[in-house]
Amino acid sequence: MKGKISIKFIGLLCFLLILINYVYSEGNKGYAIVNAYIFPVTSAPIENGILLIKDDKIEAIGKDLEVPEGYEIINAKGLYVYPGLIDSSSFLGLSEIGSVRATVDTFEIGNFKPHIKAEVAINPHSELIPVTRVNGIATVLVSPRGGTIAGQSALVNLIGWTPEEMVLKSPAAIHISYPRVIERRRFGAPGEKPQDEAVAQKQLKELKEFLDRTKRYIEIWEAYNKDKKGSIPEKDLILEAMAPALKGEIPVVISADKVKEIKGAIELADGYKMKLILSGASEGWKCAKFIGEKGVPVILSSLFSLPGEKEPYDAIYANASILNKAGVKVVFSTESASDVRNLPYQAGTASAYGLPKEEALKGITIYPAEIFGVQDKIGSLEKGKIANIILTDGDPLEMRTQTKHLFIKGQKLPLTSKHIELYEKFRKRPSIKFFSR
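Note that this is a predicted model, so its numbers are computed, not measured.

Applying the stated criterion across every chain, the model contains 15 salt bridges. The shortest N-O distance in the salt bridge between Lys235 and Glu240 comes to 3.3 Å. For the salt bridge of Asp339 with Arg341, the shortest nitrogen-to-oxygen distance reads 4.0 Å. For Arg341, a relative accessible area of 27% gives the class partly exposed. Overlapping salt bridges, with partners in common, bring together Lys258, Glu283, Lys286 and Glu311 in one network.

Here you go:
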């Protein structure tokens, strides 16, 4: 009897699931965004345009398109349509509350860790993810930290129940911190310790020795795979993880701020034929011509940090503009978890200090997609690309602009977050009554 009830129950459950799937598929065939001012980024804006979404892709984009039957229509009159924004370096999903150590998982111990993968540590249920999405950010690079080689980053879409569902590309890059002299400062980075020239040179020597070992490892395996003669070489999983960077299959992101470090990083990458992306480059404006001639793209760190004590007040703000004039492809990052929501304002600040607005927008859309090799998937509004789309009531680089609709992988997401919930809760709080004497 018990067995019969269980079989009936399972059968009923299967029927309900099939019915729900049928109703859903029949009632929601896709989305049609109509009457919109569309900014595809890689082509001219489209006034009164139509954008069709089917499943997780952009089905069509243009004017005078026919809207298929059954599509949910979003009247975007007075709104602007852009691709979902991309942060080129963050800790989103690896850090929840910076001051609570148990919620921070940004680094592992050791100096050379190319095998460490950021994607396995991402928390898809971080409260910071919906906070970030509300400002139109759809994709972020999640980067590990710590040591000379920190590990592998992952490019993730901000939707999914598991890290696997979120990952767009992994590994996206291997992250190296160029050895540097660290002066004792009153307001240094958290956990940062002073470091002299001798220590920096020792670290650089160790880094080159590690890269030489990887190079020899690649040569040994290539020789063995050529004719399969002799004994099988011993596997080394750490060198194995570093090998794709030396083969030029994935880029290396090297953090370097000072002029000496920037030139050293470029020389290092040239010497080992690695595909380089510079990160930080706070003194990039001092050697912009050199970076431009080498054709190296730059991920700028937060524009809201302080310049050096002897630098002009606007050194950080104008850095992007000077690099852009020298022909450098500039992208923006927050290097944060809680501040990823402020990404568009980084680009907006650079625009206010001389970077053309079109370049600023590209720095958080198509340029990050290009330097991480996913320009055929995200970064602009084109037929066949993943439907990461935002609808705003103004320029997304302006602080007053609100995101009205957000699609990630073709799914329309609610624009709610813990911040909004708390705001709505406490704005209803009874007013304070002062006691009269």
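Past the structure itself, the notes keep going.
We now examine the packing of aromatic side chains. Here the distance between the centres and the angle between the planes together describe a pair of aromatic rings. Enumeration over the complete set of coordinates arrives at nine aromatic pairs. Here Phe112 and Phe210 contribute two aromatic rings whose centre-to-centre distance is 5.0 Å and whose plane-to-plane angle is 15°, an arrangement assigned as stacked. Residue Phe112 is found in the loop between strand 6 (85-90) and helix 2 (128-133), and its partner Phe210 is found in helix 4 (residues 197-227); the two are separated by 98 residues along the sequence. Three or more aromatic residues joined by ring pairs form one cluster here, namely Tyr37, Phe39, Tyr80 and Tyr82. Above the face of the Trp221 ring, Lys235 is positioned so that its terminal group lies 4.5 Å from the ring centre. Against the face of Phe290 rests Lys263, its NZ or CZ located 5.5 Å from the ring centre.

What follows is about the sheet that holds strand 11 (residues 276-280). Ordered in space as 6-7-8-9-10-11-12-13, the eight strands form an open sheet in which the pairing is mixed. The sheet is open, and its two borders are formed by strand 6 and strand 13 (330-332), each paired with just one other strand. Averaged over neighbouring strand pairs, the angle between their axes works out to 30° when direction is ignored. In terms of strand pairing, strand 9 (residues 167-177) meets strand 10 (residues 252-256) through four bridges, oriented parallel. When the bridges of strand 10 are listed, Ser177 appears paired with Ser255. Helix 6 (residues 259-271) rests against strand 10 and strand 11 of the sheet, and its axis sits at about 160° to strand 11.

So, about the pairing of strand 3 (residues 57-62). Bridge count for strand 2 (residues 46-54) against strand 3 is five bridges, and the pairing is antiparallel. What sits directly across from Ile53, in strand 3, is Ile58.

Let us look at the nonpolar core. Ranked by internal contacts, the top residues of the largest apolar core, which has 95 residues, are Met242, Leu278, Ile291, Phe332 and Phe372. Take this core: its biggest share by element is eight residues, from helix 4. Here Ile291 is in contact with Ile262, Ile266, Leu278, Gly284, Val296, Val298, Leu323 and Val328, once residues within four sequence places are set aside.

For helix 6, spanning 13 residues, the distance from its first C-alpha to its last is 18 Å, which sits close to the expected 18 Å at 1.5 Å a residue. Of the residues making up helix 6, those classed as buried are Glu261, Ile262, Gly264, Ala265, Ile266, Leu268 and Ala269. If you follow the buried residues of helix 6, they end up packed against helix 4, strand 10, strand 11 and helix 7 (288-294). Just downstream of helix 6 lies Lys273, where phi reads positive at about 55°.

Okay, unusual backbone geometry next. That bond from Ser170 to Pro171 is cis: its omega, 0°, falls within 30 degrees of zero. Its location among the elements puts Pro171 in strand 9.

Thresholds applied
- Residues numbered from 1 in each chain as written.
- Predicted model: local features only at pLDDT ≥ 70, side-chain atom pairs only at ≥ 80, totals over all residues.
- Heavy atoms only, no water.
- Salt bridge = Lys/Arg side-chain N within 4 Å of Asp/Glu carboxyl O.
- Buried < 20%, exposed > 50% of the residue type's maximum accessible area, 1.4 Å probe, protein only.
- Phe/Tyr/Trp six-rings, centres within 6.5 Å; stacked < 30°, edge-to-face > 60°.
- Helix = DSSP H or I, 4+ residues; strand = E, 2+ residues; numbered from the N terminus.
- Lys NZ or Arg CZ within 6 Å of the ring centre and 35° of its normal.
- Pairing = 2+ DSSP bridges.
- Axes fitted to C-alpha atoms, helices over the stretch in contact; angles between N-to-C directions.
- Contact = heavy atoms within 4.5 Å.
- Core = buried A, V, L, I, M, F, W, Y, C linked by side-chain atoms within 4.5 Å.
- Expected span 1.5 Å × (residues − 1).

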